[in-house]
Each structure stands twice: as structure tokens, then as C-alpha cells.
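Commentary on secondary and tertiary structure
Read off the chains here:
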Amino acid sequence: SLSVNRLSSHTLITVLIAVWIVGMILFSIVTFLCHRRIKHFEHSASIIESGTIINIFNRCKVDLNSHHNIPILASTLVQTPMTIGVLKPRIMLPSEILSQLSEDDIYHILLHELTHCKKGDLWINQFLCAFQIIYWFNPIVLVALKEMCHDREIACDSSVLKMLEYKDYINYG
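Residues numbered from 1 in each chain as written. Predicted model: local features only at pLDDT ≥ 70, side-chain atom pairs only at ≥ 80, totals over all residues. Heavy atoms only, no water.

This next bit is on the packing of helix 2 (residues 52-64) against helix 4 (residues 103-119). Between helix 2 and helix 4, the shortest axis-to-axis distance is 9 Å and the interhelical angle comes to 50 degrees. Of the possible angle classes, the one that applies to helix 2 and helix 4 is oblique. As for the relative orientation of helix 2 and helix 4, their crossing is right-handed in sense. Listed contacts from helix 4 to Thr52, Ile53, Ile56, Phe57, Arg59, Cys60, Lys61, Asp63 and Leu64 of helix 2 are Glu103, Ile106, Tyr107, Leu110, Leu111, Leu114, Thr115 and Lys118. Residues that form the contact of helix 2 with helix 4 fall into these classes: ten nonpolar, two polar and five charged. (Axes fitted to C-alpha atoms, helices over the stretch in contact; angles between N-to-C directions. Helix = DSSP H or I, 4+ residues; strand = E, 2+ residues; numbered from the N terminus. Parallel < 35°, antiparallel > 145°, perpendicular 65-115°, else oblique. Left-handed = near helix turned anticlockwise from the far one by under 90°. Contact = heavy atoms within 4.5 Å. Nonpolar A, V, L, I, M, F, W, Y, C, P; charged D, E, K, R; others polar.)

A separate point is unusual backbone geometry. Backbone geometry at asparagine 65 places phi at a positive 55 degrees, although glycine is not the residue there. On the secondary structure map, asparagine 65 appears in the loop between helix 2 and strand 2 (72-75). Taking the relative accessible area as the measure of exposure, asparagine 65 reaches 55% and is therefore exposed. (Buried < 20%, exposed > 50% of the residue type's maximum accessible area, 1.4 Å probe, protein only.)

The next thing to look at is helix 2. With 13 residues, helix 2 should reach 18 Å at 1.5 Å per residue; the first-to-last C-alpha distance of 18 Å fits that figure. Within the sequence span of helix 2, burial applies to Ile53, Ile54, Ile56, Phe57, Cys60, Lys61 and Leu64. Seen from one end, helix 2 has its buried residues packed into an arc of 160 degrees, which puts them on one side. Exposed positions of helix 2 whose direction lies more than 90 degrees from the buried face are Asn55 and Val62. Buried residues belonging to helix 2 abut strand 1 (46-48), strand 2, strand 4 (90-94), helix 3 (95-98), helix 4 and helix 6 (139-163). One or two positions beyond helix 2, positive phi appears at asparagine 65, with a value near 55 degrees. (Expected span 1.5 Å × (residues − 1). Arc of directions from axis to C-beta.)

On to the pairing of strand 2, then. Where a strand is regular, its side chains alternate between the two sheet faces. Here strand 2 shows two buried faces, one formed by Ile72 and Ala74 and the other by Leu73 and Ser75. Two strands pair when backbone bridges link them, and strand 1 and strand 2 are joined in this way by three bridges, in the antiparallel orientation. When the sheet's bridge partners are listed, isoleucine 48 is paired in strand 2 with isoleucine 72. Pairing geometry for strand 2 and strand 4, over four bridges, is parallel. Looking across to strand 4, one finds that serine 75 is bridged to proline 94. (Pairing = 2+ DSSP bridges.)

What follows concerns the packing of aromatic side chains. As enumerated under the stated definition, the model contains six aromatic pairs in all. Consider the rings of phenylalanine 131 and tyrosine 135, whose centres lie 4.7 Å apart with planes at 45 degrees: the pair is tilted. By relative accessible area, phenylalanine 131 is classed as partly exposed at 30%. Tyrosine 135 sits in the partly exposed class, given a relative accessible area of 33%. One aromatic cluster in this structure is built from Phe27, Phe127, Phe131, Tyr135, Trp136 and Phe137. (Phe/Tyr/Trp six-rings, centres within 6.5 Å; stacked < 30°, edge-to-face > 60°.)

Contact geometry of helix 5 (residues 121-134) with helix 6 gives a least axis separation of 11 Å together with a crossing angle of 170 degrees. With respect to helix 6, the element helix 5 is oriented roughly antiparallel. Residue-level contacts link Asp121, Ile124, Asn125, Leu128, Phe131 and Gln132 of helix 5 to Val141, Leu142, Leu145, Met148, Cys149 and Arg152 of helix 6. Classifying every residue of the contact of helix 5 with helix 6 by side-chain character gives eight nonpolar, two polar and two charged.

To continue, consider the pattern of salt bridges. Enumeration over the complete set of coordinates arrives at four salt bridges. Between arginine 90 and glutamate 42 there is a salt bridge, with the nearest N and O atoms lying 2.6 Å from each other. You can see arginine 90 sitting in strand 4 and its partner glutamate 42 sitting in helix 1 (residues 9-44), a full 48 residues away along the chain. With a relative accessible area of 17%, glutamate 42 lands in the buried category. (Salt bridge = Lys/Arg side-chain N within 4 Å of Asp/Glu carboxyl O.)

As C-alpha cells, this is what we get:
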């Protein structure tokens, strides 16, 4: 005889799959909202087309041997420099601090962001976002993904430091 009060393993598996799918949907929505927010930042930004920043950026491209044609944007909505876009990368800088930074600071920031583009970190980030959506329930995977993001930043910093002279290390940091 079969007890009617007991939960069958089939029902438990169905519930777990439903919870997993709901979690994937929620993580997908959060990811979509983050991308939409970044698009809003981009639409509020203005393209920097001339001046000191473009000259510094061209120097960065020569130093990195990069041929990427990446627009540089300035926005009042962002608080930290960032590189956005996978197919058409763009570098977005906070417009409020640009006037406060020295040319060396701007050079270091642009060198860092351009290194992310050159290393393909934007593609890796999209892959990790998809991975996070699928494995949202696994704390080990979430910790590993966080560590991977941290490691990518360290690798980028390491690449930039290899290009700089020793005397510039502290300023870069």
C-alpha cells in the first residue's frame, strides 16, 4: 500500500525543478535590468571626440598595440570608469572627476579599460553572467564566479603594471 500523506520523489523533483526555473527567471530579470540601466547610462553620456583625453587614449592604443576603435563616453551617472558592450565596446568615464584627474591618472584608467577589451574580458563577463543564471542555486559556483571576476581585475592590473615603469606603480595603484 502507498501512503497518501507522503511526498513522492517525483513530486519533490518537480518542485525542485520549478524552484530552479523560477530562480533562473529571477536572475535573468535582474541581469536584464542591469543591462538596461547601463544602456540608460550610455544614452545619458556624451562622446568625447577631441582633446587631451583622446590624445591620451591614442597613446594607450599605441602602447598596447591595439587597433580597437572604441568610443570614449563621459557620463554624470557613473561613479567609476567602466567598459561596456561586447560587439561594440565603449569606455565610459565619470564626467565629474575628469577635470580633477591628472593626465597620468587618465592614462592609467584608459590603459586599464583598454586592457579589458584586448583580453576579451567583456566576452568572459557575458559567459559568467549566463553561468550565474544557470547555477544560481550553488553557493560554491557563486563564490567561484566572484573570485573569477576578482582574478580578471588582478590579471588586468598585472598586465598594465608590466607596461609601466616601476616609478609609476604607486600612482597606478
